[in-house]
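Structural characterization, general
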Amino acid sequence: MNKSTIATALSVIEARRRKAEAVAEANAQLLQKDDRWQANDKAIRLCNIDIAKDKLNERDASENKRRLAKLLVERNDLLKKHNMTSKDLVARYSCPLCNDTGYVKGNKCQCLRREVTKLLSGNCGYVDDSCTFENSTETNPDNIKTMEICRTFSKKLNDTRFRIVVLLGKTGTGKTYLCNAMANEALKNLNSVFVITAYRLSELFLQCHLSSQEEKLTVLEDLMDTDLLVIDDLGVENTFSNVTSEYLFALINERIQRGNKTVISSNLTVAQIRDRYDERIFSRIADRKLSIVAKLTGNDKRISEPTKK
Ligand SMILES: [Zn+2]
């Protein structure tokens, strides 16, 4: 039997931990080659013992404390000489929540859940960081207005009553660019973000449906929990009966309940979305208390722009 996706994800996270620890270890070994560092290191250890003894015997420790302070200044100078700080001697873990162990108090850490999602979705989730509001070359006044609405939403993600932005427009009007710009804006403000095409999401739902209960719940929890979920190009994906609409509704609905924000872009009109998906999905998307429906207009940029190599 194949290794489970969770086990694979854990080995990815474990590799990150080993790498972070190896870097710290290599730095420590480098310093050990410096005789002055070795002497200073030993002196600090002995001085700390002396201070402990002073305390134990209720003696005045001020002399030893002064000595220690001097030694610590020397230690900093030595670190500087090697272009290091004391932080270079401790492992810098990618995930400060679990120190790259994958678990927090026995529960799967969000980094582990995200890794499982990435593995099952074929490594989705990456945001194109060249697509930002600052870099936009949009000139159409209506689209600029739409972009401003989207920018405000993603900038004030934790501060808006809206839960969903539906971005409508024909192919090539810049929806994917805007999706990524919103994701980048949210990332700037330290929100967790996941970007996926509807095509991939539908495949992921099917994968989840066929996976073990533990894997399925891990991925769904990740998708429900992320601060901003961007579903690009709804309407072109294969829909799997009893899977796509069911999972999509459950996901969107749970995200609304949790106060998390979702961006959906589509070539379809609102009416076409109603016809293609569950009535319940439509009712959430069309709810003006929950959703902003924004439109992008114009010609296909991918055709009208000269090809860049
Ligand atoms: Zn973690």
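Residues numbered from 1 in each chain as written. Predicted model: local features only at pLDDT ≥ 70, side-chain atom pairs only at ≥ 80, totals over all residues.

Thoughts on the overall build of the chain
Stated precisely, the cut-off is as follows: Only runs of H or I of at least four residues qualify as helices and only runs of E of at least two qualify as strands under DSSP, and these elements are numbered from the N terminus. C-alpha atoms define the radius of gyration in this analysis, and the globule rule sets the expected value at 2.2 Å times the number of residues to the power 0.38. Whether a residue is buried, exposed or partly exposed is read from the other C-beta atoms within 10 Å of its own C-beta, which are placed from the backbone; 20 or more gives buried, 12 or fewer gives exposed, and intermediate counts give partly exposed. What counts as a contact is two residues whose backbone-derived C-beta atoms lie within 7 Å of each other.
A tally of helices and strands in the chain yields 12 helices and 7 strands. A globule of 309 residues ought to have a C-alpha radius of gyration of about 19 Å, yet the chain, at 27 Å, is considerably larger. Taken over 309 residues, the chain has a buried fraction of 29%. Restricting to contacts in the chain with at least 6 residues of sequence separation, those with at least 24 account for 78%.

A closer look at the environment of Asn-180
Within the secondary structure, Asn-180 sits in helix H6 (residues 175-188). For Asn-180, a count of 21 C-beta atoms within 10 Å corresponds to the buried category. Taking the C-alpha atoms as reference, Asn-180 lies 24 Å from Phe-282; in sequence the two are 102 residues apart.

Focus: the domain arrangement of the chain
Just so we agree on the cut-off: All domain edges in this entry derive from an automatic or database-based domain assignment.
Per the domain assignment, the segments making up the chain are domain 1 (5-89) and domain 2 (121-303). Taken over C-alpha atoms, the centre of domain 1 sits 47 Å from the centre of domain 2.

As for the sheet that holds strand E4 (residues 193-197)
For clarity, the cut-off: Strand pairing is assigned whenever DSSP identifies at least 2 bridges connecting the two strands. Fitting a line to C-alpha atoms yields each axis, with helices limited to the stretch in contact; the angle taken between N-to-C directions then spans 0 to 180 degrees.
With parallel pairing, the 5 strands of this open sheet are ordered in space as E4-E5-E6-E3-E7. The open sheet has two free edges, formed respectively by E4 and strand E7 (291-295), since each of these has just one partner strand. For this sheet the average axis-to-axis angle between neighbouring strands, irrespective of direction, equals 15°. As paired strands, strand E3 (residues 164-168) and strand E6 (residues 261-266) are joined by 5 bridges and run parallel to one another.

Thoughts on the nonpolar core
Basically, it comes down to this: To form a nonpolar core, buried Ala, Val, Leu, Ile, Met, Phe, Trp, Tyr and Cys residues must be joined through C-beta atoms within 7 Å.
Residues Leu-167, Leu-178, Met-182 and Val-230 are the most contacted members of the largest nonpolar core, which totals 50 residues. Ranked by residues supplied to this core, first place goes to H6 with 7 residues. The two domains that each donate at least three residues to this core are domain 1 (5-89) and domain 2 (121-303). Sequence-distant contacts of Leu-167, that is, excluding residues within four places in its chain, are made with Lys-175, Leu-178, Cys-179, Val-263, Ile-264, Ser-265, Ala-294 and Leu-296.

Remarks on unusual backbone geometry
Positive phi is not limited to glycine here, since Asn-99 has a value of about 50°. Mapped onto the elements of the fold, Asn-99 is located in the loop between helix H3 (62-81) and strand E1 (103-104). Residues other than glycine seldom take positive phi values, yet Asp-233 does so here, at roughly 65°. Residue classification places Asp-233 among the buried positions, given that 21 C-beta atoms sit within 10 Å.

A word on the pairing of E3
Burial analysis of E3 places 5 of its 5 residues in the buried class, the great majority of the element. Judged by which residues are buried, E3 turns out to be covered on both faces: Ile-164, Val-166 and Leu-168 on one side and Val-165 and Leu-167 on the other are all buried. As judged from the 5 bridges shared by E3 and E7, these two strands associate in the parallel manner. Residue pairing across strands places Leu-168 opposite Lys-295, the latter belonging to E7.

Side note on the packing of helix H2 (residues 35-56) against H3
Worth spelling out the cut-off: Between 65 and 115 degrees an angle is taken as roughly perpendicular, under 35 as roughly parallel, over 145 as roughly antiparallel, and anywhere else as oblique. Should the near helix be turned anticlockwise from the far one by less than a right angle, the crossing is termed left-handed; should it be turned clockwise, right-handed. In this classification, Asp, Glu, Lys and Arg are treated as charged, Ala, Val, Leu, Ile, Met, Phe, Trp, Tyr, Cys and Pro as nonpolar, and every other residue, Gly included, as polar.
At a minimum axis distance of 9 Å, the contact between H2 and H3 shows a crossing angle of 155°. Judged on the interaxial angle alone, H3 and H2 are roughly antiparallel. Crossing of H2 over H3 shows left-handed handedness. On H3, the residues that touch Arg-36, Trp-37, Asn-40, Ala-43, Ile-44, Cys-47, Asn-48, Asp-50, Ile-51 and Asp-54 of H2 are Asn-64, Lys-65, Arg-67, Leu-68, Leu-71, Glu-74, Arg-75 and Leu-78. For the contact of H2 with H3, the per-class residue count stands at 8 nonpolar, 3 polar and 7 charged.

Side note on the pairing of E6
Burial within E6 is extensive, with 6 of its 6 residues counted as buried. Note: strand E5 (residues 228-234) against E6, 5 bridges, orientation parallel. Within the sheet, the bridge partner assigned to Leu-229 lies in E6 and is Thr-262.

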